[in-house]
Amino acid sequence: MAAASTAGSHSRKGLGFMRYDDSDEENADYNQQQWQHNVEAFSLAGSFASKDSEVEIGFLRNTEKHIERKEKKGLISNDQEDEDYILAEARQPLWRKVPVPSSLINPYRIVIVMRLVVLAFFFRFRILNPVHDAFPLWLVSVICEIWLALSWLVDQLPKWFPITRETSLERLSLRFEQEGRQNKLAPVDVFVTTADPFKEPPIITANTVLSVLSVDYPVEKVNCYVSDDSASMLLYDTLYETSEFARIWIPFVNKYSIEPRAPEFYFSQKVDYLKDKVHPTFVRDRRAMKREYEEFKVRINVLISKAQKKPEEGWVMKDGTPWPGNNTEDHPGMIQVCLGSAGTLDMDGKQLPRLVYVSREKRPGYRHHEKAGAMNALVRVSAVLSNAPFVLNLDCDQYINNSKTIREAMCFLMDPQLGKRICFVQFPKRFDGIDNNDRYANRNTVFYDIVMKGLDGIQGPVYVGTGCVFNRQAIYGNKPPSDKKPKTSQSSCCCCCCSGDDSGSTFDLEEIDEGLEGFEEKEETSFISMKNFEKQYGMSPVLIASVLMEDGGLPKVTNTQLLIKEAIHVISCGYEEKTEWGKEIGWLYGSVTEDILTGFNMHCRGWKSVYCTPKRDAFKGSAPINLSDRLHQVLKWALGSTEIFFSGYCPLWYGYTGKLKLLQRLAYTNTIVYPFTSIPLLVYCTIPAVCLLTGKFIVPALTNVASIWLMALFTSMILTCVLELRWSGVNIQDWWRNEQFWVIGSVSSHLFAVFQGLLKVGGVHSNFTIRAKSTDNNSVSNQLYLFKWTTLMIPPTSLVILNMVGIVAGISDAINNGYNSWGPLFGKLFFSFWVIIHLYPFLKGLMGRQNRTPTIVVLWSILFALVFSMIWVRIDVFLPKKTGPVLVQCGLEC
């Protein structure tokens, strides 16, 4: 290890060790002129989705007729016919839009309209017929019902135009990977983020990295950057072990087309691994590879055991150099190329993708902005070292399950017409290790298979934090290109930022200024000054030069030492000061859910996003298994939404000068305000118990007309659900689990998020710990029944106790009062059972494996229920006050 830069201010100090060779730079360089020429040659048919089917069918018919005429005239041979067919096929769209059939979606829309009409008449009845003997109770219930109805409407409208998309990987290859010609596929930088190697085990990160390195994509066009926010020597050593194992793993998966390409999950599959395998050496090679992987895991376990006890003098590297990250909160920036340097080949002698370890600088007194800050550091480092036009973002536990995933994304991003206006391609999140019943709705199927498809029909899906391929220009805060033909070119931008001297090429601020001035005179175009570039992107001429290269790639003339210095410089903790990073550029700061905020800002600028759902799941990862972890995950998401609500980026008032569509704004509004629904829902879940305890009800005696409207309301709710499941393909169990956990999360995590958001406005901040992850199936089954006490469990447990007490009290009162009191009781019991059934998965989580509720939960909940009961008895606001005759003593001795 050697210090990379000691000159300049303290913030420029860091650690860097990198090796480059000329061949790597040439392979990583993305020649836009050649790519543009290729696009023009094969874009005659167009690929805009609105006319995909008609254009494709019409073009194929014309091509077939043209070939037939040539054959009749004897002007074409079989070989030429094949060439013409390939050319015609390459001109076809790379993807097509598949709308939901009208026979499925139109009845769904009709029922939604009918439900709105029924709701209008229902609320007319509710408002015009108050319950006078329980007026406060009636008033509270009506307010809650109106809020919940509006919440349903805001959630429902963005689902009006659901679509799916299909890609053609064959056409992508025909267009950009022609035999005998240079590969034109665009390079991709892959970001893998991790923050704690003890809660995020290194073997998980290693599997994610291996799945990236072995992806089905040209190796010279894949650059993997691993961000270590803990500056852990454990992860550093793990990546070196991973790079060695990759040299034998990558040839194996490429030879036998293995899926998935994360070894932990490939070898743990309970499937017939011999299916479709015809190579005679497969079984032998698989056994040998499994043995190699087990030895690799043992080496990782040795590293973990050594890392458990930190020496007093700190960690020391093999060469005797102290590890710079011994103090995780005060250390220089570190960069190390683990793969991709000169002489690093796999066992077959082929080139390997580039793997880079990155740990940004941290110093006391600076705000580092957690994951968002780490992502922005990776954006800047990759811009200096590789500058691929597209960026794939992954969490350390989110491995690539489909090796053709990047190709799927390229079908959209390299589209000659729509690609330049797409900010990101989002893939659904799928999970391993979830129990068969999905007790806590971890799969989130309703969101990924219904809501996201609906958003894809408007302006595009929201960004969910991982499994997303970005257009780098959207990350830089730029607006999408207009339909007008641009006046600038790639070569012109390169002239502004490249030096002509090979031996001592440098990027000087003055040179870039001069280049910009000359460019302005030549093109007669208004450019912002260099000072404005510095205010936006920071004091790095190399980074600014990369930003100016709209289609990615590094300048042909670069100095390796300068790249190392600048890479260290751009990850210094003071680099972002007085710049637009985190405000308008990169991942935005101000919320723990930086994903929603960042995607929203891109859509406000007019960008579109795309939702891609390949037949084989693109990514898979881990999910919280036990109840406590799941509630804390939901708390984090809900708190992020409340933070955005109280910030300047709230969709209710931000971005009206941009190009955000109305329904898209409505969808973002729903993602921000949904935690506030917890308050009326909690109150509404309490009302059935209150009704049973007091003998009152929130609905007056029903007339025949009122009964019809009430029946129509319940019927429309059922039909909406059935038709939604019909067009989306979601099964009833997943839908019901989603409904149950919506109630559980609302009365616990969402409620606490609202109050924590209010406290944050008052200056009180909350910190979140990283969720522990595991790949062991046995530990997954054990974690399902693991109980961890948290205050989030108090409100839902109290609700269950209150409703159970109310049911007992109501039935006892009906038994004492006779037959006539049973009729009104059924309505109250129905609503109480509705609450308890929705909270049933929560009850199972409390009971654990032994089916018993922990004592502390019972004590807290009983205490809360007793306090509520005493307050109720003391205030008694809902009970009518009856006056009767004054009783006095008669004086007779009976």
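Residues numbered from 1 in each chain as written. Predicted model: local features only at pLDDT ≥ 70, side-chain atom pairs only at ≥ 80, totals over all residues. Heavy atoms only, no water.

### Thoughts on the overall build of the chain
Okay, step 1: A tally of regular secondary structure across the chain gives 31 helices and 15 strands.
Okay, step 2: Every one of the 894 residues in the chain was classed for burial, and the buried ones make up 54%.
Okay, step 3: Sequence separation of 24 or more characterises 82% of the internal contacts of the chain that already satisfy a separation of 6 or more.
Okay, step 4: When the accessible area of the chain is evaluated, it comes to approximately 41200 Å², of which 57% is carbon and sulfur surface. (Helix = DSSP H or I, 4+ residues; strand = E, 2+ residues; numbered from the N terminus. Buried < 20%, exposed > 50% of the residue type's maximum accessible area, 1.4 Å probe, protein only. Contact = heavy atoms within 4.5 Å. Areas by Shrake-Rupley, 256 points an atom, 1.4 Å probe, with all protein chains shown as cover.)

### Overview of unusual backbone geometry
Okay, step 1: Cis geometry marks the peptide bond from Glu259 to Pro260; its omega dihedral reads -10°.
Okay, step 2: Relative to the elements of secondary structure, Pro260 occurs in the loop between helix 9 (233-256) and helix 10 (263-267).
Okay, step 3: In this model, Lys578 sits at a positive phi of 60°, which is unusual for a non-glycine residue.
Okay, step 4: Take Lys578: it is sitting in the loop between helix 20 (560-569) and helix 21 (594-604).
Okay, step 5: On the basis of relative accessibility, which here comes to 78%, the residue Lys578 falls in the exposed class.

### Structural notes on the pairing of strand 6 (residues 222-228)
Okay, step 1: For strand 6, a buried count of 7 out of 7 residues is recorded, marking the element as mostly surrounded by other parts of the structure.
Okay, step 2: Of the two faces of strand 6, the one holding Val222, Cys224, Val226 and Asp228 and the one holding Asn223, Tyr225 and Ser227 are both buried throughout.
Okay, step 3: Across 7 bridges, strand 5 (residues 188-194) lies against strand 6 in parallel orientation. Note that in strand 6 the partner of Thr194 across the bridge is Asp228.
Okay, step 4: Each parallel crossover has a hand, and the one from strand 5 via helix 8 (residues 202-213) to strand 6 is right-handed.
Okay, step 5: In this sheet, strand 8 (residues 354-359) lies alongside strand 6 in parallel orientation, the contact comprising 5 bridges. Within the sheet, the bridge partner assigned to Cys224 lies in strand 8 and is Leu355. (Pairing = 2+ DSSP bridges. Right-handed = clockwise from strand over helix to strand, strands pointing away.)

### Focus: the pattern of salt bridges
Okay, step 1: Using the criterion set out here, one finds 30 salt bridges in the structure.
Okay, step 2: Between Glu241 and Arg299 there is a salt bridge; the shortest N-O distance is 3.0 Å. Taken as a pair, Glu241 in helix 9 and Arg299 in helix 11 (residues 282-307) lie far apart in primary sequence, 58 residues in all.
Okay, step 3: According to the relative accessible area criterion, Arg299 is partly exposed, its value standing at 32%.
Okay, step 4: As a salt-bridge pair, Lys620 and Asp432 come within 4.0 Å of each other at their nearest N and O atoms. Of the two residues, Lys620 is situated in strand 15 (residues 619-621) and Asp432 in the loop between strand 12 (430-431) and helix 14 (445-456); the sequence distance between them amounts to 188 residues.
Okay, step 5: Several salt bridges converge on common partners, so that one network encompasses Glu177, Asp216, Lys404 and Arg407. (Salt bridge = Lys/Arg side-chain N within 4 Å of Asp/Glu carboxyl O.)

### Examining the packing of aromatic side chains
Okay, step 1: A full pass over the atoms with the stated rule returns 44 aromatic pairs.
Okay, step 2: Counting every residue linked through ring pairs, the aromatic cluster contains Phe245, Trp249, Phe252, Tyr256, Tyr266, Phe267, Phe282, Tyr293 and Phe296.
Okay, step 3: In this structure, Arg115 is placed above the aromatic ring of Trp152, and the distance from its NZ or CZ to the ring centre is 4.1 Å.
Okay, step 4: The ring of Phe741 is capped by Arg630, whose NZ or CZ atom sits 4.7 Å from the centre of that ring. (Phe/Tyr/Trp six-rings, centres within 6.5 Å; stacked < 30°, edge-to-face > 60°. Lys NZ or Arg CZ within 6 Å of the ring centre and 35° of its normal.)

### Some details on helix 19 (residues 541-548)
Okay, step 1: When you tally the buried positions in helix 19, you get 8 out of 8 residues, the bulk of the element.
Okay, step 2: Buried within helix 19 we find Pro541, Val542, Leu543, Ile544, Ala545, Ser546, Val547 and Leu548.

### A short note on the packing of helix 24 (residues 678-694) against helix 26 (residues 732-761)
Okay, step 1: Packing of helix 24 against helix 26 leaves a shortest axis separation of 8 Å and a crossing angle of 125°. Taken as axis vectors, helix 24 and helix 26 run oblique relative to one another. Considering how the two elements wind past one another, helix 24 and helix 26 form a crossing that is left-handed. Contact residues: helix 24 offers Ser678, Ile679, Leu681, Leu682 and Cys685, while helix 26 offers Trp742, Val743, Ser746, Val747, His750, Leu751 and Val754. (Axes fitted to C-alpha atoms, helices over the stretch in contact; angles between N-to-C directions. Parallel < 35°, antiparallel > 145°, perpendicular 65-115°, else oblique. Left-handed = near helix turned anticlockwise from the far one by under 90°.)

### Observations concerning the sheet that holds strand 15
Okay, step 1: The strand order across the open sheet built from 3 strands is 10-15-12, with neighbouring strands paired in mixed fashion. This sheet does not close on itself; its edge strands, each paired only once, are strand 10 (399-400) and strand 12.
Okay, step 2: Inspection of the sheet shows strand 10 paired to strand 15 by 2 bridges, in the antiparallel sense. Residue Ile400 lies in a different strand from strand 15, and its bridge partner there is Phe619.

### Concerning the environment of Tyr575
Okay, step 1: The topology assignment puts Tyr575 in the loop between helix 20 and helix 21.
Okay, step 2: Each C-alpha atom of the pair Tyr575 and Ala377 lies 9.6 Å from the other, and the pair is 198 residues apart in sequence.
Okay, step 3: Leave out the neighbours within four places in its chain, and Tyr575 touches Arg380, Tyr537, Gly538, Met539, Ser540, Leu543, His569, Val570 and Trp581.

### Observations concerning the packing of helix 26 against helix 28 (residues 794-817)
Okay, step 1: Between helix 26 and helix 28, the least distance of the axes is 7 Å, while the angle of their chain directions is 140°. On the basis of the axis angle, helix 26 is oblique to helix 28. Judged by the twist between their axes, the crossing of helix 26 over helix 28 is right-handed. Contacts between helix 26 and helix 28 involve Val747, Ser748, Leu751 and Phe752 from the first element and Pro795, Pro796 and Leu799 from the second.

### Section: the nonpolar core
If you look at soluble globular proteins, the nonpolar side chains tend to sit buried side by side.
Okay, step 1: Counting 74 residues, the largest nonpolar core has Trp249, Phe252, Leu392, Met410 and Val425 as the members making the most contacts within it.
Okay, step 2: The dominant element in this core, judged by the number of residues it contributes, is helix 9, at 12 residues.
Okay, step 3: With near-sequence residues (within four places) excluded, Met410 lies in contact with Leu172, Ala186, Val188, Tyr217, Phe390, Asp415 and Val469.
Okay, step 4: Counting residues in each nonpolar core, the second largest holds 45 residues, with Val384, Val391, Tyr463 and Val542 among its members. (Core = buried A, V, L, I, M, F, W, Y, C linked by side-chain atoms within 4.5 Å.)

### Quick look at helix 26
Okay, step 1: The first and last C-alpha atoms of helix 26 sit 40 Å apart over 30 residues, in line with the 44 Å expected at 1.5 Å per residue.
Okay, step 2: Along its length, helix 26 shows its largest kink, about 45°, at Ser746.
Okay, step 3: Here helix 26 starts with a cap whose side-chain oxygen sits 3.2 Å from the backbone nitrogen of Gln733, and that cap is Asn731.
Okay, step 4: Gly763 occupies a position one or two residues after helix 26 and carries a positive phi of about 105°. (Expected span 1.5 Å × (residues − 1). Bend = angle between axes of the 7 residues up to and from the residue. Polar contact = N/O pair within 3.5 Å; in protein donor to acceptor, adjacent residues only side chain to side chain.)

### Points about the environment of Tyr366
Okay, step 1: Positionally, Tyr366 belongs in the loop between strand 8 and helix 12 (370-385).
Okay, step 2: For Tyr366 and Cys573, which are 207 residues apart along the polypeptide, the C-alpha to C-alpha distance reads 6.8 Å.

### Details of the confidence of the model for the chain
Okay, step 1: Of all residues in the chain, 76% attain a pLDDT of 70 or more, and the chain-wide mean is 80.
Okay, step 2: Predicted confidence for residues 485-527 stays below pLDDT 50, and this span has 57 contacts to residues more than four positions away or in other chains. (pLDDT = per-residue confidence, 0-100.)

### Notes on the pairing of strand 5
Okay, step 1: Counting buried positions along strand 5 gives 7 out of 7 residues, so the element sits mostly inside the fold.
Okay, step 2: In the sheet, strand 5 pairs with strand 9 (residues 390-395) via 6 bridges, with the strands oriented parallel. Within strand 9, the position partnered with Asp189 by the bridge is Val391.

### Details of a nonpolar patch on the surface
Okay, step 1: A cluster of nonpolar side chains, namely Ile127, Leu128, Ile146 and Leu150, defines an oily patch on the protein surface of about 360 Å² accessible area.
Okay, step 2: For the nonpolar patch, the secondary structure elements donating two or more residues are helix 5 (102-128) and helix 6 (135-156).
Okay, step 3: Mapped onto the elements, Leu150 comes out in helix 6. (Patch = residues over 30% accessible without salt bridge, like charges linked within 9 Å, V, L, I, M, F, W, Y side chains within 5 Å.)

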